[in-house]
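Fold and geometry: a report
Each chain, letter by letter, is given below.
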Amino acid sequence: MLTIKNLSKTYAKNAVKAVDDLSLELKGGEIFGFLGPNGAGKTTTIKILTGILPFDAGSVSVCGRDIKKDAIGAKLNIGYVPDDHVLYDKLSGREYVDFMADIYGVDLATRSTRAAKMLEIFQLTDAFDSPIKSYSHGMKQKIAIIGALIHNPKLWVLDEPMTGLDPQSAFQLKELMRRHCEAGNTVFFSTHILDVAEKICDRVGIIVKGKLVIVGSVADIMRASKDASLEQVFLSVAEEKTM
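Now for a description of the structure that goes with this document. Worth saying up front: this structure is predicted, and the values here are computed from it rather than measured.

All right, on to the layout of surface pockets then. Of the voids in this model, the largest pocket is the one considered here, and its volume is about 600 Å³. Looking at the largest pocket, it is lined by 23 residues, and the ones nearest its centre are I52, Y80, Y96, M100 and Y104. Put simply, the parts of the chain that give the lining of the largest pocket at least two residues each are α2 (71-75), β6 (78-81), α3 (93-103) and α5 (137-149). The greatest single-element share of the lining of the largest pocket, amounting to four residues, is contributed by α3. Considering only enclosed or pocket space, the second largest pocket measures out at about 310 Å³ in volume. Taken together, R114, K117, M118, I121, L149, N152, L176, R179, H180, A183 and N185 make up the full set of residues lining the second largest pocket.

The strand order β2-β1-β4-β5 describes an open sheet built from four strands, whose pairing is antiparallel. Both outer strands of the open sheet, β2 (19-26) and β5 (65-66), are each paired with one neighbouring strand and no more. Alignment of strand β1 (residues 2-9) against strand β4 (residues 57-62), held across five bridges, turns out to be antiparallel. Bridging from a neighbouring strand, S8 pairs with A57 of β4.

What follows concerns the side chain of T191. Along the chain, T191 turns up in the loop between β8 (186-190) and α7 (194-200). Of the polar contacts made by the side chain of T191, one reaches the backbone nitrogen of I193; its length is 2.9 Å. Non-local contacts of T191, meaning those with residues more than four positions away in its chain, are made with F34, L35, E160 and A197.

Thresholds, definitions, all that
Residues numbered from 1 in each chain as written. Predicted model: local features only at pLDDT ≥ 70, side-chain atom pairs only at ≥ 80, totals over all residues. Heavy atoms only, no water. 1 Å grid on protein atoms, 1.4 Å probe; cavity = no way out; pocket = protein on both sides within 12 Å on 5 of 7 lines; lining within 4 Å. Points joined across faces, edges and corners; volume = space filled by probe spheres on them. Helix = DSSP H or I, 4+ residues; strand = E, 2+ residues; numbered from the N terminus. Pairing = 2+ DSSP bridges. Polar contact = N/O pair within 3.5 Å; in protein donor to acceptor, adjacent residues only side chain to side chain. Contact = heavy atoms within 4.5 Å.

In short, the description is geometric, and any link to function would need to be established separately.
If you want it as structure tokens, here you go:
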């Protein structure tokens, strides 16, 4: 589903690599949690694999499509929810979702059915025809999620998706993530909420200073760390690698 090989990225005027020789492979049906302290390289990695940022070395492929050689083919298989609500706020929620559906070639009947289900899940039906600029932070997050899922992507990528969501909506999002994977798709998401990652992820990876230092199932990681919690493992690794 997603293959990253020896990925490296350096920003101009910065000698330290933002992403340093990162390799990772995700299969269908997997929820993968991408963890790390602020500035570790999480968002940079996400923007690279979604085709937003260029990179210096390595390769990224989505469903067998190389992000450099076949960017459109790769992106057609991706649904992306950024951490900063890049939305057209003069559009209504309906117009935004229709815009996203048009980009991905989703027919009217299919988009209507999918949107209706997700609007009900997130209790957003009554606001669907209101302008996005009138939405709260949490409502913007919800409409971004609906727009990212309207084409039923093989790879769903989310950057800090729980931010701004109330407990009920956060629960519904986690259910959507699990159902998406049960259908054979993959979810890749970054988060600082470690107990969420511990509960719902099939595997997690911890990145520190651009290097992916731990990858594995939560159970295996905790077993290797003598049954320490994921939070304890994270704090230990982050402290050790940043000293």
